[in-house]
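# Inside the fold
For reference, the chains in residue letters:
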Amino acid sequence: MDEPVFGRMLTAMVTPFDDQGKLDLSTARRLACHLVDELGNDGLLISGTTGESPTTSDAEKRELLAAVVAEVGDRATIVAGVGTNDTAHSIELARQAEQIGADGLLVVTPYYSLPPQQGIIDHFVAVADATSLPVALYDIPHRAGRAIETESLITLAQHPRIRAVKDAKKDLDASSQVMAATDLDFYAGDDAITLPLLSIGGVGVVGTSTHFTGRPAKRMIQAFLAGDLAGALRLHRALLPIFTGVFATQGCLMVKAGLAHEGLPVGRCRAPLGEAPAELAEHFARLLDAADLN
């Protein structure tokens, strides 16, 4: 099996802010090193929705990406989130990411506007045409309002730079059909479906809980690839409370609460998110304390 385009395990990194709500680049560099060097991530997604892309400026996205590329770009794949619901703006962000040195792009389905499938296809093609970088499509209909339909994905797979899908659709039948018909690398976009997706041809995960579960989650993937299905299942079941608990509310809120609990504070989320409700943060902290994450 060929190695997937972006590696096996990536984390959608949160964006650190200081006490004044300003971008904290020094903490971002430390967090990137922690995720790559200590938790074993093959790559990082910068400025995804977990990275609060809706509330960071283009200039902040540029600074953050440049800092992470400089810090860990020699030993991890750096993917830039560049998707918006404005095709022209997404193209600008894609070109900016290429200039900074990103290894790839993640482009989410245009949200809220509810374009027809042809509009979605045209949007992705326009962004893929704008740079020389490999592109992952982010299929998350419960947030975007539109799914990338099976036939649309099969059509988009014909583009030479559209190489992967971050799959948060939770429709394994549809995902399986696309994988059977294309060479697209499918990454779990919902942590709990990593093992199920691997079982039908997926390649790995772009995770949120992997801010904490990186080491055992990677072992789970490696166990599956080595044919140790029982071992992979044991790890999946052990990690399931963290895989699902991180989404008790918006993932960014839970990650920032969990990192603070672990002594790695990265600031609070920008408005309108703010902070995780105390009872959810406390419950997630208990899950982290109870789990074997080594």
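Just so you know, the residues in each chain are numbered from 1, in the order the chain's sequence is written. Reporting in this predicted model follows two pLDDT cut-offs: at least 70 for local features of residues, and 80 or more for side-chain atom pairs to be given and counted; totals over whole chains, interfaces and linings ignore these cut-offs and use all residues. By convention in this description, side-chain values take in all heavy atoms of the structure and omit both hydrogens and water.

Next up on the list: the packing of aromatic side chains. The aromatic pairing rule takes the rings of Phe, Tyr and Trp, using the six-membered ring of Trp, and pairs them if the centres are within 6.5 Å, calling planes under 30 degrees apart stacked, those over 60 edge-to-face and the rest tilted. As enumerated under the stated definition, the model contains two aromatic pairs in all. On the numbers, 6.4 Å between centres and 35° between planes, the contact of Phe6 with Tyr187 is tilted. On the criterion of sequence distance, the pair formed by Phe6 in the segment before strand E1 (9-12) and Tyr187 in strand E7 (residues 185-188) is long-range, its members being 181 residues apart. The residues Phe6 and Tyr187 share a single accessibility class, namely buried. Between Phe212 and Phe284, the ring centres sit 5.6 Å apart and the planes meet at 75°, which makes this aromatic pair edge-to-face. Separated by 72 residues along the polypeptide, Phe212 in helix H9 (residues 210-225) and Phe284 in helix H12 (residues 278-290) bring together distant segments of the chain. Burial classification: accessible surface area is computed with a 1.4 Å probe over protein chains only, and a residue below 20% of its type maximum counts as buried, one above 50% as exposed, and the rest as partly exposed. The class of Phe212 is buried, set by a relative accessible area of 3%. According to the relative accessible area criterion, Phe284 is buried, its value standing at 1%. Only Lys NZ and Arg CZ are tested; either one counts as a charge over a ring when it is within 6 Å of the ring centre and within 35 degrees of the ring normal. When the ring centre of Tyr138 is taken as origin, the NZ or CZ atom of Lys166, which lies over that ring, is 4.1 Å away. The secondary structure listing takes helices from DSSP runs of H or I that are at least 4 residues long and strands from runs of E that are at least 2 residues long, numbered from the N terminus.

What counts as an axis is a line fitted to C-alpha atoms, over the stretch in contact for a helix, and the angles between N-to-C directions run from 0 to 180 degrees. Orientation of helix H2 (residues 58-72) relative to helix H3 (residues 87-100), taken along the N-to-C sense of each, is 30°, at an axis distance of 10 Å. As far as their axial angle goes, H3 and H2 are roughly parallel. In the crossing of H2 with H3, the sense of the turn from one axis to the other is right-handed. Note on element contacts: H3 touches H2 through His89, Leu93, Gln96, Ala97 and Ile100, opposite Asp58, Lys61, Arg62, Leu65, Ala66 and Val69. Of the residues that constitute the contact of H2 with H3, the class distribution is six nonpolar, two polar and three charged. Put simply, angles under 35 degrees are roughly parallel, angles over 145 are roughly antiparallel, angles from 65 to 115 are roughly perpendicular, and the rest are oblique. Here is the rule for handedness: rotate from the far helix to the near one, and if that takes an anticlockwise turn smaller than a right angle the crossing is left-handed, while a clockwise turn gives right-handed. We call two residues contacting when some pair of their heavy atoms lies within 4.5 Å. Residues were grouped as follows: Ala, Val, Leu, Ile, Met, Phe, Trp, Tyr, Cys and Pro as nonpolar; Asp, Glu, Lys and Arg as charged; and all remaining residues, including Gly, as polar.

This brings us to the pattern of salt bridges. Salt bridge, as used here, is a side-chain nitrogen of Lys or Arg placed within 4 Å of a carboxyl oxygen of Asp or Glu. Under the defined criterion, the tally for this structure stands at nine salt bridges. For Lys218, the salt bridge identified is with Asp42, shortest N-O distance 2.8 Å. Note that Lys218 is positioned in helix H9 and Asp42 in the loop between helix H1 (25-38) and strand E2 (43-46), a separation of 176 residues in sequence. Put simply, Asp74 and Arg75 hold a salt bridge, and the shortest N to O gap is 3.0 Å. In the salt-bridge network here, residues are joined through shared partners; they are Asp37, Asp74 and Arg75.

Attention now moves to the UniProt feature "site: Part of a proton relay during catalysis" (unreviewed entry) in the protein chain. UniProt positions are given in the numbering used here, feature names are shortened, and annotations may be inferred rather than shown by experiment. The residues that UniProt annotates with the feature "site: Part of a proton relay during catalysis" (unreviewed entry) are Thr49 and Tyr112. Maximum C-alpha separation among the annotated residues is 14.4 Å over a sequence range of 64 residues, consistent with a single clustered spot. Within the fold, Thr49 resides in the loop between E2 and H2. The partly exposed category is assigned to Thr49, whose relative accessible area is 31%. Those residues in contact with Thr49 that lie beyond four places of it in its chain are Tyr138, Arg143 and Gln250. Tracing the chain through its elements places Tyr112 in the loop between strand E4 (104-108) and helix H4 (117-130). Assessed through its relative accessible area of 74%, Tyr112 is described here as exposed. Those residues in contact with Tyr112 that sit more than four places away from it in its chain are Asn85 and Ala144.

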